[in-house]
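As a plain string of letters, each chain reads:
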Amino acid sequence: MRVSPKLGFGLGVYLGLVLLAFGAHWIAPHDPLEQDLLNTFAPPAWRDGGTSTFWLGTDSLGRDILSRLIHGSRVAVTVALIAATCAGILGTVLGLCAGYFGGWVDTVVSRIVDVWMAFPPVLLSIVLAAVLGAGLHTVVIAIVVIDWTRFCRVVRAEVMVQKSRDYVTSALTIGLSPWRILTGEVVPNVVPLLITLFTLEMGIAIVVEAVLSFAGLSVANDDATWGSMIQEGRQFVRQAWWLMVAPMVCIVLSVLAANALGDGLRERFDPLLRRERP
Amino acid sequence: MSTMRHTDPVLPVLEARGLRLHLADRAGARWFRKAPRLEILRGIDLSVAQGETIGVVGESGSGKTTLGRTLLRLYEPTDGSLRFEGQDITHAREERLRPMRARMQCIFQDPLSSLNPRHRIEDIVAQPLLSFGLVRDRSEARGRARQLLERVQLSQSFALRYPHELSGGQRQRVGIARAIAASPKLVIADEIVSGLDVSTQAQILMLLREIRAETALVFISHDLSVVRALCDRVLVMHRGVVVEQGATDAVFARPEHDYTRDLLASIPLPERDPNWIGSA
Amino acid sequence: MTPPVLLDIDGLRVSVGGRPVLRDVSLQVRSGEIAGLVGESGAGKTMAGRAVLGLLPDAARVLSGEIRFDGTDLLSLKARAREALLGRDIALIPQNPMTALNPVARIGTQIVDGLRMHLGLDRNGARARAVELLQAVHLPDPESLLRRFPHELSGGMRQRVLIASAFSCRPRLVIADEPTTALDVTVQKQCLRLIRELQRQHATAVLFVTHDLGVVAKLCDSVAVMHGGRILEFRSGDDIFRAPRHPYTRALLAATPRFDRPGDTLVPVSAEVLARLQEEVDVYDAAH
C-alpha cells in the first residue's frame with residue numbers, strides 16, 4: 001500500500017502527537033512544573049550558552065520548554081480529537097436531517113443555525129467559562145457549542161445537492177426507505193466532505209484552545225498548554241524569543257498536518273479522485 | 001400481490017386520466033409567503049399496455065420529464081387519476097407503493113447522476129433484487145447482476161468498476177440492466193439516448209427493442225427520429241398539454257397539429273436540401 | 001470561380017500529455033463558405049477548432065503543421081499579434097449558451113466592451129452598434145435587452161446574443177463549436193438560419209464543429225469527417241451526402257435514425273470498420 005507524502009506527513013504528525021500525549025510522563029526529560037531558578041532563560045541547545053540538559057531552553061522560571069511542549073500536547077490532542085468529534089457528530093446529524101428531510105425540520109435547524117451564528121464566538125466562550133469555570137471540559141464544550149454550526153451548514157448544503165441527483169430518485173424507485181437512502185446512498189457521498197471538515201476542525205480546535213489558554217480561560221494556569229506558553233513567552237519576547245516561537249511552531253505544524261491528513265485521506269479513499277493507473 | 005402479476009392483456013398496465021400536477025415555483029418565492037404554484041401538467045390522458053411502446057415527445061419545458069416522474073408516482077398528482085395494473089395509485093401512500101415499485105422502473109437521462117458514484121456496478125444492478133427480496137442473499141444477487149450485465153452486453157470485467165470509469169453508453173447500459181433487474185411491467189425511459197453518439201445511440205435502441213416485448217415502455221425523448229424508430233404510438237406534448245397523439249405512422253404521415261408539423265419541419269435530416277434552412 | 005482559401009490547416013499534429021489527439025489534420029475554409037467538421041465524441045473536432053483559436057489546453061503540444069490564416073501562420077505568431085486577431089478577425093460561437101455569458105454582467109456591457117476594445121468605438125457608438133447587432137439577430141426590444149442579465153433570457157435568446165457578439169466586429173472567420181447542441185430543434189433551426197444569414201451578408205468563412213450529420217447536411221458547403229484525430233474524408237457537402245466514400249461516413253449515416261425512413265434498420269458502426277480505423281491509427285502512430 002502506497003502512502004502519499006501528504007497522508008504520510010499528516011498521519012506521522014498526529015500519530016506522533018498522540019504518542020507524546022500518552023507517554024508524556026516517560027518521554028519528557030524533565031517535570032514540566034519543576035522550576036530551576038538558576039537556569040532561567042536558558043537558550044536552546046544549539047545557541048551560544050545552551051546546554052543539552054535543556055534542548056529547547058528554559059522559561060522565566062527555569063522550567064524546561066521541551067517538557068512543557070510535550071505535556072502541552074496532551075491538551076491539544078484531547079481538544080483536537082474530542083471536540084472535533086463531538087462538534088462533527090452534532091452538526092452532521094442535524095445537517096443530514098435538515099438537508100434530506102427538508103420542510104419544517106430544515107426550517108427549524110436552519111433558523112437555529114442562523115441565530116447561533118449571530119453570537120460572537122469569543123463572547124460565547126467567555127460566558128461559558130464564567131458559568132462552567134475554567135478547565136479543559138469548558139474548552140471542549142465551547143468548541144462544540146461554537147463549531148457544530150460549521151458542520152451543520154456545509155453538510156446540509158451538500159446533502160441538498162446530492163438529494164437532487166437522480167441516484168436518490170432511482171433509490172426511491174427501487175423501494176428503499178428514506179432512512180436507507182440517507183444512510184446507504186447519500187451518506188457515502190458526504191463522507192469525503194466530512195473527512196475534510198473533521199480534519200479542518202481538528203486544526204481549528206487546537207487554535208481555539210490556544211486562544212482560550214492565552215486568555216486564561218483554559219486549564220489551570222500552571223499546567224502547560226501551548227496557548228499559555230505563548231502568553232507567558234510574550235512578555236519576554238525581546239530577551240528569549242524561543243519561549244513564544246516553540247509553541248507557535250507546534251500549533252502551526254499541527255494545523256498544517258491536520259489539513260494534509262484531510263487531503264491525504266480523501267485522495268486515498270475517494271474512488272472519484274482515484275485515477276486508474278496503467 | 002402475486003395475483004396481480006397476470007395482468008389481463010387488454011387491460012392497460014398504466015392508465016392516466018386527466019392527470020394534472022402543480023409544483024411550487026421556488027424561484028418565485030418571496031419571504032413569508034408561500035411559493036406560487038405552477039401548473040406543469042394540464043390534464044394528460046395516456047395508457048400503455050403490455051408489450052407496447054409509447055413515445056412522449058416535446059421540447060424543453062413541455063413537461064415530459066415531469067410526466068414520466070408523475071407516472072411513477074414520484075410526484076403526487078393534484079387532479080385526475082392514475083391506475084397501475086388496475087389499482088388506483090393516484091394518492092397512494094409510499095408504503096403502499098413500495099412493493100409495487102418492483103414492477104414500475106425508470107431509466108434516467110443522465111446515467112452519471114443516476115448511478116451512485118460510490119457503488120460498484122454489480123452492486124448497483126443487484127440493488128433492486130435485494131431491495132425487493134427477489135434473491136436470497138447478496139452473493140445470489142451479484143450472480144444475477146452479472147447475468148443482467150451480460151444481457152445488456154457488458155462484459156464481466158465491468159462488474160467491479162465504478163460508474164465514473166465507464167463511457168456514456170456503458171453507463172446507460174448499466175441503467176437499463178438495473179431497470180430490468182426486477183422484471184418490471186412498466187419501464188419509463190427518460191431521454192436516455194440524448195447525450196450519446198449516433199453509433200452508441202443505435203446500440204442502445206437495439207437493446208431497447210429487445211426488452212420492449214416483455215414490458216410496457218414509455219419512451220420520453222425530444223428526438224422525433226428516435227421515437228419513430230422505436231415506438232408504436234406517439235404523444236406530442238407542448239406546455240403541459242398533449243397536443244396530438246396516435247399511432248406513430250399516422251402522426252408522422254399526417255401530423256394534424258401545427259406544433260407537430262413545426263417540430264417535424266425543424267429536424268435536419270442528413271441529406272442536402274438548400275431550401276430547408278429558409279430565410280428569416 | 002472559387003473564392004480564395006482563408007483558413008488553411010496543414011498537417012497539424014497535436015498531442016495532449018503525450019497522447020496524440022490530432023494526426024495530420026489538413027483542412028481548408030474558403031472566404032464566404034461554411035465548412036463542417038463532423039465526428040463523434042473524442043474524434044478531435046473540438047481540439048481542431050481550439051487550435052485555430054489558440055485555446056489549446058496547457059498540456060497540449062503542437063508537434064508539427066501550420067495553421068495559416070490569410071497567409072500568416074497563426075502558430076508562429078507572437079501572443080500579442082494573435083490576440084489582436086482573436087475576437088476581431090476570428091471569432092467564436094461557443095457551445096453552451098448557459099455558461100458562455102458572464103452571469104453577473106449585463107448583456108449590454110458584455111457586447112459593448114468587445115466593440116470598444118476591438119473597434120475602438122466610444123461608449124455611445126458601441127451602444128448604438130450593439131442595438132443594431134441585436135436587431136440583426138431578430139431579438140425584440142434590443143434597448144431593454146441590453147440592460148438585462150443573462151439568466152433573464154431563454155437559452156435560444158442567449159445563443160442569439162452570442163451569435164450577435166461573434167459577428168459584432170465583422171470577423172472574417174467564425175469558429176462555431178457545437179453552437180446548437182444544447183437547443184431545442186425549433187430554436188436550433190432559427191439559430192442555424194441566423195448563422196447562415198449573417199455569414200452570407202458579410203461573406204464570412206465559418207468552421208462549424210458538430211456531431212450532427214443532419215445539421216452539417218443542411219448548412220455546410222464542404223464537410224470534413226473526423227475520427228481518431230484524423231480527417232477521413234473532406235469533400236463538398238453535395239458529394240459527401242450524395243455518395244459518401246469512406247466506410248465510416250457511410251456507417252455514421254446508417255446509424256442516424258430518420259423519421260422519414262421508419263423501415264430502415266439502425267446499424268451501429270460495425271466492429272470491422274472500427275477495427276480498421278484503429279489499425280490505421282496504430283500504423284500512423286508507429287510511423288511518428
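Residues numbered from 1 in each chain as written. Chains lettered and ligands numbered in written order. Predicted model: local features only at pLDDT ≥ 70, side-chain atom pairs only at ≥ 80, totals over all residues.

Can you help me understand the overall build of chain A in this one?
Along chain A, the regular secondary structure elements total 10 helices and 0 strands. Starting at the N terminus and ending at the C terminus, chain A contains elements arranged as α-α-α-α-α-α-α-α-α-α. Once the C-alpha set of chain A is aligned to its principal axes, its extents read approximately 80 × 55 × 30 Å. A total of 278 residues make up chain A; the buried ones form 45% of that total. For chain A, restricting intrachain contacts to residue pairs at least 6 apart in sequence, the fraction spanning at least 24 positions comes to 70%. (Helix = DSSP H or I, 4+ residues; strand = E, 2+ residues; numbered from the N terminus. Buried ≥ 20, exposed ≤ 12 C-beta atoms within 10 Å, placed from the backbone. Contact = placed C-beta atoms within 7 Å.)

I tried to follow the overall build of chain C on my own but got confused; where do I start?
The helix and strand inventory of chain C stands at 11 helices and 10 strands. A compact globule built from 288 residues should have a C-alpha radius of gyration of about 19 Å, and chain C, at 20 Å, falls within 12% of that. Dimensions of chain C, computed from the C-alpha atoms along their principal axes, are close to 60 × 50 × 40 Å. Contacts in chain C between residues at least 24 apart in sequence constitute 66% of all its contacts with a sequence separation of at least 6. (Rg over C-alpha atoms; globule rule 2.2 N^0.38 Å.)

Any chance you could explain the interface of chain C and chain B here in plain terms?
Often, the extent of an interface is quoted as the loss of accessible area on bringing the components together. Opposite the 37 residues of chain C that make contact, chain B presents 32 residues. At the level of elements, helix H7 (185-202), helix H8 (213-219), helix H9 (237-242) and helix H10 (247-255) of chain C are the ones that each hand at least two residues to the side of chain C that touches chain B. Counting residues per element, the side of chain C that touches chain B draws most heavily on H7 of chain C, which supplies 9 residues.

Looking at this model, I keep getting lost on the environment of Val21 of chain C. Mind explaining?
Residues and elements named next belong to chain C. You can see Val21 is positioned in strand S2 (residues 19-30). Taking the number of C-beta atoms within 10 Å as the measure of exposure, Val21 has 23 and is therefore buried. Remark: the alpha-carbon pair of Val21 and Ala84, spanning 63 residues in sequence, is separated by 27 Å. When sequence neighbours within four positions are dropped, the list of residues in contact with Val21 reads Val14, Ser15, Val16, Gly44, Met47 and Gly229.

How do you make sense of the interface of chain B and chain A when you look at a structure like this?
Across the contact, 22 residues belong to chain B and 16 residues belong to chain A. A total of 3 residues in the side of chain B that touches chain A trace back to one element, the largest contributor, which is helix H4 (residues 121-131) of chain B. Among the residues forming the side of chain B that touches chain A, the class breakdown is 10 nonpolar, 7 polar and 5 charged. (Nonpolar A, V, L, I, M, F, W, Y, C, P; charged D, E, K, R; others polar.)

I'm lost on the packing of helix H6 (residues 136-163) of chain A against helix H8 (residues 178-214) of chain A in this one. Help?
To characterise two packed helices, one gives the angle between the axes of the helices and the distance between these axes. Residues and elements named next belong to chain A. At a closest axis distance of 10 Å, the pairing of H6 and H8 adopts a crossing angle of 155°. Between H6 and H8, the interaxial angle falls into the category roughly antiparallel. Crossing angle aside, the handedness with which H6 passes H8 is right-handed. Residues Val139, Ala142, Ile143, Asp147, Phe151, Val154, Val155, Glu158, Val159, Gln162 and Lys163 of H6 form the contact with H8, whose participating residues are Val186, Asn189, Val190, Leu193, Leu197, Glu201, Ile204, Ala205, Val208, Glu209 and Leu212. (Axes fitted to C-alpha atoms, helices over the stretch in contact; angles between N-to-C directions. Parallel < 35°, antiparallel > 145°, perpendicular 65-115°, else oblique. Left-handed = near helix turned anticlockwise from the far one by under 90°.)

Teacher, can you tell me more about the environment of Ser15 of chain C here?
Residue and element names in this part refer to chain C. In this structure, Ser15 sits in strand S1 (residues 5-16). What makes Ser15 partly exposed here is the crowd of 17 C-beta atoms within 10 Å. Separated by 221 residues in sequence, Ser15 and Ser236 place their C-alpha atoms 28 Å apart. If near-sequence neighbours (up to four positions away) are discounted, Ser15 is found in contact with Pro20, Val21, Arg61 and Leu63.

I'm lost on the pairing of strand S4 (residues 79-84) of chain B in this one. Help?
For a regular strand, side chains alternate in direction, first toward one face of the sheet and then toward the other. Residues and elements named next belong to chain B. Summarising the sheet, strand S1 (residues 14-24) and S4 pair through 5 bridges and their orientation is antiparallel. Bridge assignment links Ala16 to a residue of S4, and that residue is Leu82. As paired strands, S4 and strand S5 (residues 87-88) are joined by 2 bridges and run antiparallel to one another. Bridging across to S5, Phe84 finds its partner in Gln87. Linking S4 back to S5 in an antiparallel pair, the connection comprises 2 residues, with Glu85 at a positive phi of about 50°. (Pairing = 2+ DSSP bridges.)

Could you clarify how one ought to interpret the sheet that holds strand S7 (residues 186-190) of chain B in this entry?
Sheets are built from strands that pair by backbone hydrogen bonding, the pairs being arranged parallel or antiparallel. Residue and element names in this part refer to chain B. Reading across from one edge, S6-S7-S8-S3-S9-S10 is the order of the 6 strands in this open sheet, with mixed pairing throughout. The outermost strands of the open sheet, each flanked by one partner alone, are strand S6 (104-107) and strand S10 (241-247). The average undirected angle you get between the axes of adjacent strands in this sheet is 15°. Of the pairings in the sheet, the one linking S7 to strand S8 (residues 216-221) comprises 5 bridges and is parallel in character. Each residue of the ladder has a partner; that of Ala189, found in S8, is Phe219. Helix H1 (residues 64-71) contacts strand S3 (53-57), S7, S8 and strand S9 (233-238) of the sheet and is inclined by roughly 155° relative to S8.

Explanation requested: the confidence of the model for chain A in the structure shown.
Low pLDDT means the predicted atomic positions in that stretch should not be read closely. Residues with a pLDDT of 70 or more make up 95% of chain A, whose mean pLDDT is 86. Within chain A, no element has a lower average pLDDT than helix H2 (residues 24-27) of chain A, which sits at 81, and none a higher one than helix H7 (residues 166-173) of chain A, at 94. (pLDDT = per-residue confidence, 0-100.)

Looking at this structure, I do not really get the sheet that holds strand S6 (residues 90-93) of chain C. What am I missing?
Residue and element names in this part refer to chain C. Pairing in this open sheet of 6 strands is mixed, and the strands run S6-S7-S8-S3-S9-S10 from one edge to the other. Only two strands of the sheet have a single partner each, and these edge strands are S6 and strand S10 (230-236). Recorded for the sheet is a direction-independent mean angle of 15° between the axes of neighbouring strands. Bridge count for strand S9 (residues 222-227) against S10 is 6 bridges, and the pairing is antiparallel. Directly across from Ala224, in S10, lies its bridge partner Phe234.

How should I be thinking about the arrangement of the chains in this particular structure?
With 2 pairs of chains in contact, the largest contact count belongs to chains B and C. If you take every C-alpha in chain A and every C-alpha in chain C, the smallest gap between them is 14 Å, and the two do not touch.

Would you take a moment to explain unusual backbone geometry for this structure?
Note: most residues except glycine have negative phi, and most peptide bonds are trans. You will see that Ser183 of chain B, though not glycine, has its phi angle at about 45°, which is positive. A positive phi angle, near 45°, is found at Arg170 of chain C, a position not held by glycine. Residue placement: Arg170 of chain C occurs in the loop between helix H6 (155-166) and strand S7 (173-177).

Would you take a moment to explain the packing of helix H9 (residues 226-234) of chain A against helix H10 (residues 242-269) of chain A for this structure?
Residues and elements named next belong to chain A. At a minimum axis distance of 7 Å, the contact between H9 and H10 shows a crossing angle of 150°. Considering the angle they form, H9 stands roughly antiparallel to H10. In this structure, the crossing between H9 and H10 has a hand that is left-handed. Counted together, Trp226, Met229, Ile230, Glu232, Gly233 and Arg234 of H9 and Leu243, Met244, Pro247, Met248, Cys250 and Ile251 of H10 form the full contact between these two elements.

Sorry if this is basic, but what is going on with the environment of His91 of chain B here?
Residues and elements named next belong to chain B. Residue position: His91 is located in the loop between S5 and helix H2 (94-100). Take His91: there are 11 C-beta atoms within 10 Å of it, and that puts it in the exposed class. Here the alpha-carbon distance between His91 and Glu76, two residues 15 residues apart in the chain, equals 6.3 Å.

How do you make sense of helix H3 (residues 107-119) of chain C when you look at a structure like this?
Each α-helix winds once per 3.6 residues, and so residues spaced three or four apart point in a common direction. Residue and element names in this part refer to chain C. Between its first and last C-alpha atoms H3 spans 18 Å; for 13 residues at 1.5 Å apiece the expected length is 18 Å, and the two agree. Buried within H3 are the following residues: Ile107, Gly108, Ile111, Val112 and Leu115. The buried residues of H3 occupy an angular sector of 100° when the element is viewed end-on, so they sit on one face. In this structure, the buried side of H3 is in contact with helix H4 (123-136), helix H5 (142-145) and H6. Once H3 finishes, Gly120 follows within two positions and takes phi at roughly 65°, a positive value. (Expected span 1.5 Å × (residues − 1). Arc of directions from axis to C-beta.)

What am I meant to see in the pairing of S7 of chain B here?
All names here are of chain B. In terms of burial, S7 is largely enclosed, as 5 of its 5 residues are buried. Alternating positions in S7 separate into two faces, Leu186, Ile188 and Asp190 on one and Val187 and Ala189 on the other, with burial throughout. Inspection of the sheet shows S6 paired to S7 by 4 bridges, in the parallel sense. Bridging from a neighbouring strand, Gln105 pairs with Val187 of S7. Each parallel crossover has a hand, and the one from S7 via helix H7 (residues 198-211) to S8 is right-handed. (Right-handed = clockwise from strand over helix to strand, strands pointing away.)

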